[in-house]
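As a plain string of letters, each chain reads:
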Amino acid sequence: MKNTTSKLGIVLLLMALSLAVKGQDAAGSTTNDASERGPSKNRYVLAWQPGKAKNIYGIALGFLGQDVVCNAPYHQKTFGVNAQLGGGLYHWKQLTRSEYNSRVAGPGYQESAGFKSMTNGLQISLFGTQTAVVHGIAASFLVSTGEQVDGAAINLGASVYSRLNGISVSFRNDSFRVRGLQLGVTNHANRMRGIQLGIWNRTLEPNGVLQIGIFNNLGPERRTWPLLNFGGFAKKNTSNDE
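Residues numbered from 1 in each chain as written. Predicted model: local features only at pLDDT ≥ 70, side-chain atom pairs only at ≥ 80, totals over all residues. Heavy atoms only, no water.

Undergrad: Before we move on, could you go through the side chain of Asn-55 and cite the residues and values that matter?
TA: Within the element layout of this structure, Asn-55 appears in strand E2 (residues 55–62). If near-sequence neighbours (up to four positions away) are discounted, Asn-55 is found in contact with Lys-41, Asn-42, Arg-43, Lys-77 and Phe-79. (Helix = DSSP H or I, 4+ residues; strand = E, 2+ residues; numbered from the N terminus. Contact = heavy atoms within 4.5 Å.)

Undergrad: Kindly report on the packing of aromatic side chains, identifying the contributing residues and their values.
TA: All chains considered together, the criterion is met by three aromatic pairs. Geometrically, the ring pair formed by Tyr-44 and Tyr-57 is stacked, given 5.4 Å between the ring centres and 15° between the ring planes. One end of the pair, Tyr-44, is in strand E1 (residues 42–48); the other, Tyr-57, is in strand E2, with 13 residues separating them in the sequence. Residue classification places Tyr-44 among the exposed positions, given a relative accessible area of 54%. Judged by relative accessible area, Tyr-57 falls into the partly exposed class, the value being 33%. Summarising the aromatic geometry, the rings of Phe-230 and Phe-233 are spaced 6.5 Å apart at their centres and angled 55° between planes, so their arrangement reads as tilted. An aromatic cluster is built from Tyr-44, Tyr-57 and Phe-79, whose rings are joined through pairwise contacts. (Phe/Tyr/Trp six-rings, centres within 6.5 Å; stacked < 30°, edge-to-face > 60°. Buried < 20%, exposed > 50% of the residue type's maximum accessible area, 1.4 Å probe, protein only.)

Undergrad: Residues and numbers for the side chain of Asn-216, please.
TA: In this fold, Asn-216 is placed in strand E9 (residues 200–218). In this structure Asn-216 comes out as buried when scored by relative accessible area, which is 0%. Separated by 3.5 Å, the side chain of Asn-216 and the backbone oxygen of Leu-227 make a polar contact. Apart from the residues lying within four places of it in its own chain, the contact partners of Asn-216 are Asn-201, Gln-211, Arg-223, Thr-224, Trp-225, Pro-226, Leu-227, Leu-228 and Asn-229. (Polar contact = N/O pair within 3.5 Å; in protein donor to acceptor, adjacent residues only side chain to side chain.)

Below you can see the structure in the form of structure tokens.
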């Protein structure tokens, strides 16, 4: 009787251990599947960047922004404040020259075409900001750079965006396609519809542009006028200007 009871106890113990191991394997496979599907977690109040959080609701804080992870297979959106110590410091050369993203600057552009980061709200930095798309305000003491800003870019040094929809206020403003206002010492745009206000203003392809400054250069023929210049108001709208 005692032997039967002991055997039964051993069998029950082995069954329990077997079920426990199967449960751990199932949990492990679920975790692996989730990692294969990619990050899907949201973060609230405060999150570190760069990171694998898909959406950050609150403050995204970091020395650098999400865009510094060149081969990251995931995207990140911030709803609130994106604070970087110096994401744009890497692009200090854009204080004197610009590098545009041709995929963004050209026709057939779509905002959702694979950007790694997007800020909806306020983006601030001590040395400079670097985020692909900003819906709101990008401000720093040096350089603000990215593919697109819808709102305002305010920087002491330079604001360099492939597309600007709104206001850019800096010592040097440079964008491939502008719809809005550039206010600075030097302002440059390849395609523009809006106002340039500064000492030196330059637009290659005006689509309704008013320039106010000491030197105003407008059009491919490089027509230069002092104080006031305008042109392109009779030009028909094209998809490249949208």
